[in-house]
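# Results of the structural survey
Take a look at the letters that make up each chain.
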Amino acid sequence: MIGRAIGWASVLLALVMLVRDLLSWWRTGAWRAETLGSLWASVDLASLNLVQAVTQRHVAPWLWEDALLPVLLAPAWLTLAILGLILLPLFWRRSDRSGPRS
């Protein structure tokens, strides 16, 4: 249940971010999608800095540079949509029935 809720929330947030980016493009005439990192920084910069410091100092420096940073530099709507589209099938309620019964 929680996994599906997070999946649907991610898809909904992805749509909100896409609409926001499209409206910005329409207003300015220049496409500039907000990145996941800038979105996270605008919500809670301290937690983003903490994750960076912990990852680089205590986990593995390469993990920040090679794995997390590219995700944070990707468009927020795309990253959230991918997350949601991965979570929804994983946590989709499966029917107890294996097929039609006679």
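Residues numbered from 1 in each chain as written. Predicted model: local features only at pLDDT ≥ 70, side-chain atom pairs only at ≥ 80, totals over all residues. Heavy atoms only, no water.

Where nonpolar side chains cluster on the molecular surface, the patch consists of L78, I82, I86, L90 and F91 and spans about 460 Å² of accessible area. Here L90 shows up in helix α4 (residues 76–90). With relative accessibility at 52%, the residue L90 sits in the exposed group. (Patch = residues over 30% accessible without salt bridge, like charges linked within 9 Å, V, L, I, M, F, W, Y side chains within 5 Å. Areas by Shrake-Rupley, 256 points an atom, 1.4 Å probe, with all protein chains shown as cover. Salt bridge = Lys/Arg side-chain N within 4 Å of Asp/Glu carboxyl O. Helix = DSSP H or I, 4+ residues; strand = E, 2+ residues; numbered from the N terminus. Buried < 20%, exposed > 50% of the residue type's maximum accessible area, 1.4 Å probe, protein only.)

On to the pattern of salt bridges. Considering all chains together, one arrives at two salt bridges under this definition. Salt-bridge contacts for R20 lead to D21; the nearest nitrogen and oxygen are separated by 3.6 Å. For E34, the salt bridge goes to R20, with nearest N and O atoms at 2.9 Å. With E34 in the loop between α1 (2–28) and α2 (36–59) and R20 in helix α1, the pair connects residues that are 14 residues apart, well separated along the chain. Here the salt bridges share partners, and the residues they tie into one network are R20, D21 and E34.

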